[in-house]
Amino acid sequence: MPQAVQGVIAPAKGAAVELTTIVVPDPGPGEAVVQVQACGVCHTDLHYREGGIGEDFPYLLGHEAAGVVEAVGDGVTEVVPGDFVILNWRAVCGQCRACRRGRPWYCFDTLNAAQPMTLEDGTQLSAALGIGAFAEKTLVHAGQCTKVDPAAPATAAGLLGCGVMAGLGAAVNTGGLSRGDSIAVIGCGGVGAAAIAGAHLAGAAKVIAVDIDARKLETARSLGATHTIDASSSDVVKEIKAATGGFGADVVVDAVGRPETYKQAFYARDLAGTVVLVGVPTPEMTLELPLQHVFGKGGSLKSSWYGDCLPSRDFPLLIDLYLQGRLPLDEFVSETIGIGDVEAAFDKMHSGDVLRSVVVL
């Protein structure tokens, strides 16, 4: 029988979010109902509210979550009721051209639940990234449930569902960072901070954090940054080169996603170095670079989608590293809040007061 639960929706473009009753259907074939235990407040949720991702209002927000499987539909074998899972937005199809080429982390046809969740009046909700986890319960495709060790608290585990995985993966998976390399990370919010933690975990020799907020640079130090640069008062490219013997970093991650920061990343890398764009630009942004410089610098210019992660591979491994004390997920949790406090969390995000506010249900 369908269940009525509380959830947070974005009713219209730019409007404040609302806590309301939503209806979660019983799981159909290939689907699962998950009792959400914790869900991080991510910039992507704010982008949905502002209409920056689509116009399919109302949206059921929330996607960076962990919880317990309550029920599964026919044909589901990967999880069973009672499993502790992290929700992911890359449930690979196994059939698209990326999957068939052995690159499922690029899957071009990821799976979501077939049935919609609704308001009490029957209005269909668009689930953010196919998840919609600012809710007591949510309906997802079973492939969006990645089973991990239940010894990890949901407040920490859920962060792998988006921001931490995006940043860590940008450095390690997309950037190909390895032991002894140098890396610079421009923008040390939640995603950039995760890139720094990932670089430290991977054994980078120099980890250079760049931001305009002294508080974020201090946090970056605690996560493994060896150098910090205040971009509000320094020539970023000059300082990164000075920290790397005059050459530039092997990998530079742009976790801001603006033309200005991308150019800094482009010119701050070593010859044959790699630029990774993980910050999300807005549609009107454009970039102009001399083509001769693109050729002359060599190397790679990459974008990172979800940290090029494969949830079934990466989430259990990273949770194990967390439980071993090697990945400090708890340091990303600035505060825990109630389900009715999402709008206030957006305000704190704007002011830079938090790495992550996490809704606890």
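Provided above is the structure to which this section pertains.
Below is a short write-up of the structure. Numbering of residues starts from 1 in each chain and follows the order in which that chain's sequence is written. Where local features are concerned, this predicted model is filtered to residues with pLDDT of at least 70; where side-chain atom pairs are given and counted, the filter is 80 or more; whole-chain, interface and lining totals use all residues. With hydrogens and water excluded, all non-hydrogen atoms of the structure serve as input to the side-chain values.

Digging into the pairing of strand S2 (residues 18-24)
For the record, the criterion: The rule for pairing is simple: two strands pair if DSSP sees at least two bridges between them. Numbered from the N terminus, helices here are DSSP runs of H or I no shorter than four residues, and strands are runs of E no shorter than two.
Here strand S1 (residues 3-10) runs beside S2; their pairing, made up of 7 bridges, is antiparallel. Across the sheet, Gln-6 pairs through a bridge with Thr-21, a residue of S2. Pairing geometry for S2 and strand S7 (residues 118-119), over 2 bridges, is antiparallel. Its bridge partner being in S7, Val-23 is matched across the sheet by Thr-118.

Quick look at helix H7 (residues 236-243)
In an α-helix there are 3.6 residues to a turn, and that puts residues three or four apart on one side. The condition is simple: For every residue, the accessible area (1.4 Å probe, protein chains only) is compared with the maximum for its type, and the residue is labelled buried under 20%, exposed over 50%, or partly exposed between those bounds. It is the directions from the helix axis to the C-beta atoms that the arc portrays. Working rule for contacts: check all heavy atoms of both residues, and any pair within 4.5 Å makes them a contact. N or O atoms within 3.5 Å of each other form a polar contact, as long as, within protein, one can give a hydrogen and the other can take it, and as long as residues adjacent in sequence are counted only when both atoms are side-chain atoms.
Listed as buried for H7 are Val-236, Val-237, Ile-240 and Ala-243. The arc enclosing the buried residues of H7, seen along the axis, measures out at 130°, which places them on a common side. Along H7, exposed side chains directed more than 90 degrees from the buried face belong to Lys-238 and Ala-242. Close packing links the buried residues of H7 with strand S11 (182-186), strand S12 (206-211), strand S13 (227-230), strand S14 (249-254) and helix H8 (259-267). If you check the start of H7, you find a side-chain oxygen 3.3 Å away from the backbone N of Val-237, and it comes from Asp-235. Just downstream of H7 lies Gly-245, where phi reads positive at about 70°.

Structural notes on a nonpolar patch on the surface
For the record, the criterion: Here the term patch refers to residues with relative accessible area over 30% and no salt bridge, with like charges joined within 9 Å and nonpolar side chains (Val, Leu, Ile, Met, Phe, Trp, Tyr) within 5 Å. Reported accessibility uses the Shrake-Rupley method at a 1.4 Å probe radius. Residues are deemed covered only where the shown protein chains occlude them. Each salt bridge in this description consists of a side-chain nitrogen of Lys or Arg and a carboxyl oxygen of Asp or Glu lying within 4 Å of one another.
Together, Tyr-106, Phe-108 and Trp-305 give the surface a local cluster of nonpolar side chains, amounting to about 320 Å² of exposed area. Structurally, Tyr-106 can be placed in the loop between helix H2 (97-100) and S7.

Some details on the nonpolar core
We apply this condition: Among buried residues, those of type Ala, Val, Leu, Ile, Met, Phe, Trp, Tyr and Cys that are joined through side-chain atoms within 4.5 Å constitute a nonpolar core.
With 51 residues, the main nonpolar core has Ile-183, Ile-196 and Phe-332 as its most contacted residues. When near neighbours in sequence (up to four residues on either side) are disregarded, Ile-183 contacts Ala-171, Leu-177, Ala-199, Ala-204, Lys-206, Val-207, Ile-208, Ala-249, Val-251 and Val-253. Val-17, Val-41, Cys-145 and Ile-339 belong to the second largest nonpolar core, which has 32 residues in total.

Observations regarding the sheet that holds S11
Note the threshold: What counts as an axis is a line fitted to C-alpha atoms, over the stretch in contact for a helix, and the angles between N-to-C directions run from 0 to 180 degrees.
Taken together, 6 strands build an open sheet; the order of strands is S13-S12-S11-S14-S15-S16 and the sheet is parallel. Where the open sheet ends on each side, the last strands, each with one partner, are S13 and strand S16 (300-303). Averaged over all pairs of adjacent strands, the angle between their axes in this sheet comes to 15°, without regard to strand direction. Pairing of S12 with S13 involves 4 bridges; the strand directions are parallel. Looking at S13, one finds that Ile-208 is bridged to His-227. Those strands touched by H7 are S11, S12, S13 and S14, and its axis lies near 165° from that of S12.

Focus on the pattern of salt bridges
Tallied over the entire structure, the rule returns 11 salt bridges. Close ionic contact of Arg-49 with Glu-343 constitutes a salt bridge, the shortest N to O distance being 2.3 Å. Residue Arg-49 is located in helix H1 (residues 43-49), and its partner Glu-343 is located in helix H11 (residues 342-351); the two are separated by 294 residues in the primary sequence. Owing to a relative accessible area of 10%, Arg-49 belongs among the buried residues under this scheme. Of the charged contacts in the structure, one is a salt bridge between Arg-215 and Asp-213, with a shortest N-O distance of 2.8 Å. With a relative accessible area of 14%, Asp-213 lands in the buried category. A network of salt bridges, in which partner residues are shared, links Arg-49, Glu-50 and Glu-343.

No statement about biological role is implied by the geometric values presented.
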